[in-house]
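Structure at a glance
Chain by chain, the residues:
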Amino acid sequence: MTAPGGHPPLIGVSTYLETAARWGVWELEAALLPAGYPRLVQRAGGLAVMLPPDAPGRAATTVARLDGLVIAGGPDVNPARYGAERDPRTGPPARARDAWELALIEAALAARVPLLGICRGMQLLNVALGGTLVQHLEGHAEVVGVFGGHPVTPVPGTRYAAAVPEMTTVPTYHHQAVDRLGEGLIPSAHAADGTIEAIEPPPDAPWTLGVQWHPEMGEDERVMRELIRATGRT
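Structural notes, computed from the coordinates. (Residues numbered from 1 in each chain as written. Predicted model: local features only at pLDDT ≥ 70, side-chain atom pairs only at ≥ 80, totals over all residues. Heavy atoms only, no water.)

**Description of the overall build of the chain**
- Across its full length, the chain carries six helices and 13 strands.
- Against the compact-globule benchmark of 17 Å for 234 residues, the chain has a radius of gyration of 17 Å, which places it among compact chains.
- The dimensions of the chain, computed from C-alpha atoms along their principal axes, are 50 × 50 × 30 Å.
- Looking at the chain as a whole, 50% of its 234 residues are labelled buried. (Helix = DSSP H or I, 4+ residues; strand = E, 2+ residues; numbered from the N terminus. Rg over C-alpha atoms; globule rule 2.2 N^0.38 Å. Buried < 20%, exposed > 50% of the residue type's maximum accessible area, 1.4 Å probe, protein only.)

**Points about the sheet that holds strand S11 (residues 186-191)**
- Taken together, the nine strands give an open sheet; going across it, the order is S4-S1-S5-S6-S13-S12-S11-S8-S9, and neighbouring strands pair in mixed fashion. One side of each edge strand has no neighbouring strand; the edge strands of this open sheet are strand S4 (47-51) and strand S9 (168-172). In this sheet, adjacent strand axes meet at a mean angle of 25° when their direction is disregarded.
- As judged from the three bridges shared by strand S8 (residues 148-154) and S11, these two strands associate in the antiparallel manner. Within S11, the residue paired with Val152 across the bridge is Ala191.
- Seen against the sheet, helix H3 (residues 95-111) touches strand S1 (10-14), S4, strand S5 (68-71), strand S6 (115-118) and strand S13 (208-211) and runs at an angle of roughly 150° to S5.
- The strands touched by helix H6 (residues 222-230) are S1, S5, S6, S9 and S13; relative to S6, the strand with the most contacts, the crossing angle is about 155°. (Pairing = 2+ DSSP bridges. Axes fitted to C-alpha atoms, helices over the stretch in contact; angles between N-to-C directions. Contact = heavy atoms within 4.5 Å.)

**With respect to the environment of Val13**
- Along the chain, Val13 turns up in strand S1.
- On the basis of relative accessibility, which here comes to 1%, the residue Val13 falls in the buried class.
- Here Val13 is in contact with Leu33, Tyr37, Val41, Val49, Met50, Leu51, Val70 and Ala72, once residues within four sequence places are set aside.

**Quick look at the packing of H3 against helix H4 (residues 120-128)**
- Taken N-terminus to C-terminus, the directions of H3 and H4 make an angle of 70°; their axes are 10 Å apart at the nearest point. If you check the angle between H3 and H4, you find them roughly perpendicular. Handedness of the crossing formed by H3 with H4: right-handed. Along the contact surface, H3 presents Arg97, Asp98, Glu101, Leu102, Ile105 and Leu109, while H4 presents Arg120, Gly121, Leu124, Leu125 and Ala128.
- The residue inventory of the contact of H3 with H4, partitioned by class, reads six nonpolar, one polar and four charged. (Parallel < 35°, antiparallel > 145°, perpendicular 65-115°, else oblique. Left-handed = near helix turned anticlockwise from the far one by under 90°. Nonpolar A, V, L, I, M, F, W, Y, C, P; charged D, E, K, R; others polar.)

**Focus: the environment of Arg58**
- Inspection of the secondary structure assignment puts Arg58 in the loop between S4 and helix H2 (59-64).
- In this structure Arg58 comes out as exposed when scored by relative accessible area, which is 51%.

**Regarding the pattern of salt bridges**
- Across all of its chains, the model carries 12 salt bridges by this definition.
- Taking the shortest distance from any N to any O, the salt bridge between Glu221 and Arg43 comes out at 2.8 Å. Linking Glu221 in the loop between S13 and H6 with Arg43 in helix H1 (residues 36-43), this pair joins segments that are 178 residues apart in sequence.
- Its relative accessible area of 32% is what places Arg43 among the partly exposed residues.
- Here Glu221 ties to Arg225 by a salt bridge, and the two come within 2.7 Å at their closest N and O atoms.
- Given a relative accessible area of 18%, Glu221 falls into the buried group. (Salt bridge = Lys/Arg side-chain N within 4 Å of Asp/Glu carboxyl O.)

**What to know about the packing of aromatic side chains**
- All chains considered together, the criterion is met by two aromatic pairs.
- Aromatic pair Tyr160 and Trp213: ring centres 5.4 Å apart, planes at 65°, arrangement edge-to-face. One end of the pair, Tyr160, is in helix H5 (residues 159-163); the other, Trp213, is in the loop between S13 and H6, and 53 residues separate them in sequence. Considered together, Tyr160 and Trp213 belong to a single accessibility category, that of buried residues.
- If you follow Arg97 out to its NZ or CZ, it ends over the ring of Tyr16, 4.7 Å from the centre. (Phe/Tyr/Trp six-rings, centres within 6.5 Å; stacked < 30°, edge-to-face > 60°. Lys NZ or Arg CZ within 6 Å of the ring centre and 35° of its normal.)

**What about a nonpolar patch on the surface?**
- On the surface, Trp23, Val25, Trp26 and Leu28 cluster together into a nonpolar patch covering about 480 Å² of accessible area.
- One can find Trp26 in strand S3 (residues 26-32). (Patch = residues over 30% accessible without salt bridge, like charges linked within 9 Å, V, L, I, M, F, W, Y side chains within 5 Å. Areas by Shrake-Rupley, 256 points an atom, 1.4 Å probe, with all protein chains shown as cover.)

**Description of unusual backbone geometry**
- Its identity as a non-glycine residue notwithstanding, Arg112 has a phi of 60°, on the positive side.
- Here Arg112 shows up in the loop between H3 and S6.
- Classification of Arg112 as exposed rests on a relative accessible area of 58%.
- Positive phi, close to 55°, is recorded for Cys119, a residue that is not glycine.
- Its location among the elements puts Cys119 in the loop between S6 and H4.
- With a relative accessible area of 5%, Cys119 lands in the buried category.

Next up, the structure:
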């Protein structure tokens, strides 16, 4: 999957910013990303570039350099971003990351750059468009620090269903989910308990998809391949 001129599409992936991370003899502040994300982009035919938190005012310039954007999983979205009081089970805010990734999402939507939100990224996409979140639900992260899995069923006629038409078991780790849908978004997959597992705009809108699970932790490349295809550089 190579663009005209031999250049695969450039896919930006947002990252964590941790106050302390350890490797070798070092313990330093670090921008980091689980290796599954760039590996999935690479397997699907793209070039992966990491996008650590930056000034939100630079988001549009950043997105203009990209062919596609992935907002990665991570900490809970600050409930203040969707007008809610913090539930005691909601994790501490990552304010710099919230601000940066919301600006990236807004820039990608404005520029019609293909966008994939993964877990937190799906939740943040919903918040960016005026939606709200369920701050805690049971059964989607059963063991702390261990990915689980459960089946999701596509909604017929959606972009996600066109890519993955059958029910599949997906890698999961989350305790929050979409509550009120953001403006213009529709559900495109559900879990057995009714939790919205994927969201997207109508089919005539630019390619945008949010998935609640973690495709980077599995073998199914179809969602990422659809993002790569949507860049028009394959």
